[in-house]
Amino acid sequence: MSPISWALSDNVLTPSHLSKPVSANILDAEFEKWRVSLIAKQEQLAHLLSDAGIETENVRYLNSLIYSNSPYLLRHSVNPVNWIDDYSLALSRANDTNKLIFLSIGYSTCHWCHVMEKESFLDIDVATVLNKHFVSVKLDREIDVELDRLFSEKQQLIKGESGWPISAILTPDGQLFWTDAYVGKAELLKLLKNVSAIWQQKPERILQIAKNLTIQFSVPKLPEVEWKESTLLERLTQVTNLLDQQHGGLKGEVKFPNAALLELLLYQYQVSPSQTLESQIRLFLDSMIEGGLWDHLRGGFFRYAQKSNWHQPHFEKMLYNQALLISVYAKASHLFNIPKYEDVARQTIAFVYRDMRHGNEGFYSAIDADYQGKEGGYYLFSIAELEGIEPALKQKYRWMPSHDNTLFQPYSDSVMEVQPQDNPLVELKDNLPPPHIDKKVLTAWNALLVASLFDAHVYLQDPVFLERGIELLNYLLEKHFSQNVLYRAFLADTAFGQATLEDYAWLNRALLKAYALTQKTSFLDQAIDLQNKSTEYLTNQSNKLNWMNDQEFISPLSVIAEAGRDISKLGGTTDREWRRQIQEIKQRVSNEFSDHFSAYQLLLQSSHSSLEPLQIFAKGKGRAWLKESNENSNGDYIIEITMAPGWHINSNKPLDKSLIATEIVASSNQTLQVSYPTPVKRKLGFSQKPLSLYEGQLSIPIARDKKRSFRQVHIKNTSL
């Protein structure tokens, strides 16, 4: 093939000006393929480099990451390091060449990942050592989820904590020798030189250390322990002891929103309401939206706060945070009847649709914290910027100092003091270039958003959210599958990345919620298919990972087990598998206490009936939905019951003493004023006389004593 060159406009990379990675043995034919691939991605790559503050005229190298669909990896395609993005290929090359492996795992909106790239991976000296003596593999943690979990857990075991970028040195067969997170250039260069020298002169020393670590990582089989309900109560008490009674959330200097913990606390409150528990939950929820974690101008949540009082956020905005917290605040507004929680849920939905939506399709994964060299610079205001703002508007906010009192973050006393579209402060920032957005559309995180939109529909009784959830779900089913294979991500009209347990679990949850809301059997059929695929995934995964930890999400193992239980109730065929998964969860809970909040909730649900407003009965042939009444109803609530043709329940007066009547009762044993509908009278095969029945669709209004409250309503009927 003859040399390739293009004449391009300014700020666009020119393939003819780019060289092979330094000191790397790359064939000319292979390098020409990289240069050909660059032309299709030059505009995207130019934007990525601009967001990173890397001048295109200073770019001199090209590597095989130019093939990647991941924005994070594509950005590193102009490093002088001879990166590859295939871990299996790295093992093969290392084995063939007897080289050590240098592994780097990061993601597109990671501050320290950016710092390490600029300091080390753009540096010729570092690249030279890596290319001569190592096989270098770069992975996107949001795509290679399994490997990220694996090496994150190993880093946690060695150092007591983990972080990104994950940096690791492995033996040619993949055994870990050394790991850390961010490492400065001088330290990294010294380490690489020393390790490569030892590997050339005394490789047995490195092999022995790696062998010792491998033994340390070996997970002993958990002893079989008889499950006791008291174990769960003990774990729930331990969770309570972790709560920060002053600021809310978990104790500690760094505060994450911990949606799995909040869901557990909310369910505990449904099961056994108390003023103490309500106060703890509300402190948690209020602290997040009154402090720096909440964006008081645009809506949405930042990833975490760096101070125990929820101030000084880390300014990343992740799609999964938004989705999980939409569900939490919508549910809290329903349970506690607090309007500001509903406002938070609605404003967060408005934010993701305004700032994170990819046209009419899915939603981007994240918005970067870094902006023009400053953490949170896009969300903070300088004194000069504020001088041009009307004093009356400035006075609506409290201005929290940041960056040595040179920048300020606005706080407001209400959820949204001024709507974003009407706010000059937002307009000022909108006139600037936006921060970097990772535009890949992740299956799991978008499925979380589908589920949260369905939750918002149920708890806030807004049909718009049902329509939006169905629209997004249909997009995922159409674009993220190819030949019945589910993919992890979608970008530039391409589905890519192997689906993980997260993708199967959270898409399954979205499908089951869609079935409950629409009664369309196609959603149930797809959920059953995904459940079977998740079982196959768990059986075949090469690295036996601990999927029980919630981390910043909700444990996919807990979600899969819950889905299996629900499918089994609907007449599916997963009974044996979900029970095995529950047993596995019980064994781990019996043997250790950890951040298994969703597992504790799942086990708690096993001994209590569902307390959600929308419930399915009769193996999916019936649906009951407790709603707040509207102005035209003669009650405070309405129970809407829908049954498939041929199905029925007894009326409140079934005309046969041997049959149990349908009766609405409150948990507080107070008498409710229930307006039962007129039944139909029909003979059934087992009865000689007509019976009094309810069938089809019916509404049952409920009025309560205004002086007494109740937390639970039950329908008594053996058919349900």
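Residues numbered from 1 in each chain as written. Predicted model: local features only at pLDDT ≥ 70, side-chain atom pairs only at ≥ 80, totals over all residues. Heavy atoms only, no water.

A.B. asks: Explain the overall build of the chain to me, please; I cannot follow it from the model alone.
C.D. replies: Summing up its helical and strand segments, the chain has 23 helices and 28 strands in all. Compactness check: the chain gives a C-alpha radius of gyration of 28 Å against a globular reference of 27 Å for 720 residues, within 12% of the reference. A principal-axis box enclosing the C-alpha atoms of the chain has dimensions of 90 × 65 × 50 Å. Taken across its 720 residues, the chain has 56% of its residues classed as buried. Element-wise, carbon and sulfur atoms account for 48% of the exposed surface of the chain, whose accessible area totals about 31700 Å². Mean positive and mean negative side-chain charge positions of the chain (74 and 84 charges, respectively) differ by 6 Å. (Helix = DSSP H or I, 4+ residues; strand = E, 2+ residues; numbered from the N terminus. Rg over C-alpha atoms; globule rule 2.2 N^0.38 Å. Buried < 20%, exposed > 50% of the residue type's maximum accessible area, 1.4 Å probe, protein only. Areas by Shrake-Rupley, 256 points an atom, 1.4 Å probe, with all protein chains shown as cover. Lys, Arg positive; Asp, Glu negative; His and termini not counted. Charge placed at Lys NZ, Arg CZ, Asp CG, Glu CD.)

A.B. asks: Mind showing me how you'd approach helix H21 (residues 556–569) here?
C.D. replies: Residues spaced three or four apart along an α-helix face the same direction, because each turn holds 3.6 residues. Given a rise of 1.5 Å per residue, 14 residues ought to cover 20 Å, and the 20 Å separating the end C-alpha atoms of H21 matches this to within 8%. For H21, the tally of buried residues reaches twelve of 14 residues, placing the bulk of the element in the interior. For H21, the complete set of buried residues consists of Pro-556, Leu-557, Ser-558, Val-559, Ile-560, Ala-561, Glu-562, Ala-563, Gly-564, Arg-565, Ile-567 and Ser-568. In this structure Ser-555 caps H21, since a side-chain oxygen of it lies 3.2 Å from the backbone nitrogen of Leu-557. Taken from the residues just after H21, Gly-571 is the one with a positive phi, measuring 95°. (Expected span 1.5 Å × (residues − 1). Polar contact = N/O pair within 3.5 Å; in protein donor to acceptor, adjacent residues only side chain to side chain.)

A.B. asks: Explain the sheet that holds strand E25 (residues 680–682) to me, please; I cannot follow it from the model alone.
C.D. replies: Strands belonging to one sheet form pairs held by backbone hydrogen bonds; the direction of such a pair is parallel or antiparallel. A sheet is described by the order of its strands in space; here three strands give the open sequence E22-E26-E25, paired in antiparallel fashion. A single partner strand is all that each edge strand has here, and the edge strands are strand E22 (648–650) and E25. Taken over all neighbouring pairs, the strand axes of this sheet differ in orientation by 50° on average, direction set aside. Sheet topology places E22 next to strand E26 (residues 691–695); three bridges connect them, and they run antiparallel. Looking at E26, one finds that His-648 is bridged to Glu-695. (Pairing = 2+ DSSP bridges. Axes fitted to C-alpha atoms, helices over the stretch in contact; angles between N-to-C directions.)

A.B. asks: Even after reading the chapter, I still don't get the sheet that holds strand E27 (residues 697–703), so can you show me in this structure?
C.D. replies: Strand order in this open sheet of five strands is E19-E20-E21-E27-E24, and the pairing throughout is antiparallel. Two strands lie at the open edges of the sheet, namely strand E19 (614–617) and strand E24 (673–674), each paired on one side alone. In this structure, E19 lies alongside strand E20 (residues 622–628), joined through four bridges in antiparallel fashion. Looking at the pairing, Phe-617 lines up with Gly-622 of E20. This element, helix H19 (residues 501–518), spans E19 and E20 of the sheet and lies at about 85° to E20. (Contact = heavy atoms within 4.5 Å.)

A.B. asks: What's the story with the nonpolar core in this structure? I'm lost.
C.D. replies: It is characteristic of soluble globular proteins that their nonpolar side chains tend to be buried jointly. Judged by nonpolar contacts, the single largest core of 185 residues is most densely connected at Ile-169, Met-288 and Tyr-329. The next biggest cluster of nonpolar side chains, apart from the first, holds 16 residues, and it includes Leu-18, Leu-48, Ile-66 and Leu-74. (Core = buried A, V, L, I, M, F, W, Y, C linked by side-chain atoms within 4.5 Å.)

A.B. asks: For this particular structure, what's the right way to read the state of the cysteines?
C.D. replies: Throughout this description, disulfide means a covalent bond between two cysteine sulfur atoms. Tallied over the entire structure, the rule returns one disulfide. Sulfur-sulfur distance for the disulfide between Cys-110 and Cys-113 comes to 2.3 Å. In this structure the cystine formed by Cys-110 and Cys-113 twists about its S-S bond by roughly 80°; its chirality is therefore right-handed. (Disulfide = S-S within 2.5 Å.)

A.B. asks: Quick question: what am I supposed to make of the pattern of salt bridges here?
C.D. replies: Pairing between side chains becomes possible if they bear opposite charge and their charged atoms approach one another. One pass over the structure, following the stated rule, counts 39 salt bridges. For Arg-141, the salt bridge goes to Asp-148, with nearest N and O atoms at 3.2 Å. Judged on exposure class, the residue Arg-141 and its partner Asp-148 are both buried. A salt bridge links Arg-488 to Asp-503, with the nearest nitrogen and oxygen atoms 3.1 Å apart. (Salt bridge = Lys/Arg side-chain N within 4 Å of Asp/Glu carboxyl O.)

A.B. asks: Help me understand unusual backbone geometry in this model?
C.D. replies: Excluding glycine, residues mostly carry a negative phi; peptide bonds, for their part, are mostly trans. The residue after Trp-164, namely Pro-165, is reached through a cis peptide bond having omega 5°. With respect to the secondary-structure elements, Pro-165 resides in the loop between helix H6 (145–159) and strand E3 (166–170). Backbone geometry at Asn-484 places phi at a positive 65°, although glycine is not the residue there. Within the secondary structure layout, Asn-484 lies in the loop between strand E16 (481–482) and strand E17 (485–491). Note on Asn-484: relative accessible area 49%, which makes it partly exposed. One non-glycine residue, Lys-619, lies in the positive phi region at around 50°. With respect to the helices and strands, Lys-619 occurs in the loop between E19 and E20. Judged by its relative accessible area of 57%, Lys-619 falls in the exposed class.

A.B. asks: When you look at the environment of Ser-534 in this model, what are you seeing that I'm missing?
C.D. replies: In this structure, Ser-534 sits in helix H20 (residues 521–540). Considering only alpha carbons, one finds Ser-534 and Gly-252, 282 residues apart in sequence, at a separation of 35 Å. Excluding anything up to four places from it in sequence, Ser-534 contacts Leu-501, Tyr-504 and Ile-560.

A.B. asks: Would you explain the packing of aromatic side chains in this entry?
C.D. replies: Applying the stated rule across the entire model yields 29 aromatic pairs. Pairing Phe-102 with Phe-121 gives two aromatic rings, centres 6.2 Å apart and planes at 65°, and the pair type is edge-to-face. In this pair, Phe-102 sits in strand E1 (residues 100–106) while Phe-121 sits in helix H4 (residues 111–121), placing the two residues 19 residues apart along the sequence. Grouping residues by exposure puts Phe-102 and Phe-121 together as buried. In textbook terms, an aromatic cluster arises when at least three aromatic residues are bridged by ring pairs, as seen for Phe-302, Phe-315, Tyr-371, Tyr-378 and Tyr-379. (Phe/Tyr/Trp six-rings, centres within 6.5 Å; stacked < 30°, edge-to-face > 60°.)

A.B. asks: Would you take a moment to explain the environment of Gln-697 for this structure?
C.D. replies: Position of Gln-697 among the secondary structure elements: in strand E27. Classification of Gln-697 by relative accessible area gives exposed; the value is 69%. Between the C-alpha atoms of Gln-697 and Ala-644, which are 53 residues apart in sequence, the distance is 8.9 Å. With near-sequence residues (within four places) excluded, Gln-697 lies in contact with Ile-641 and Thr-642.

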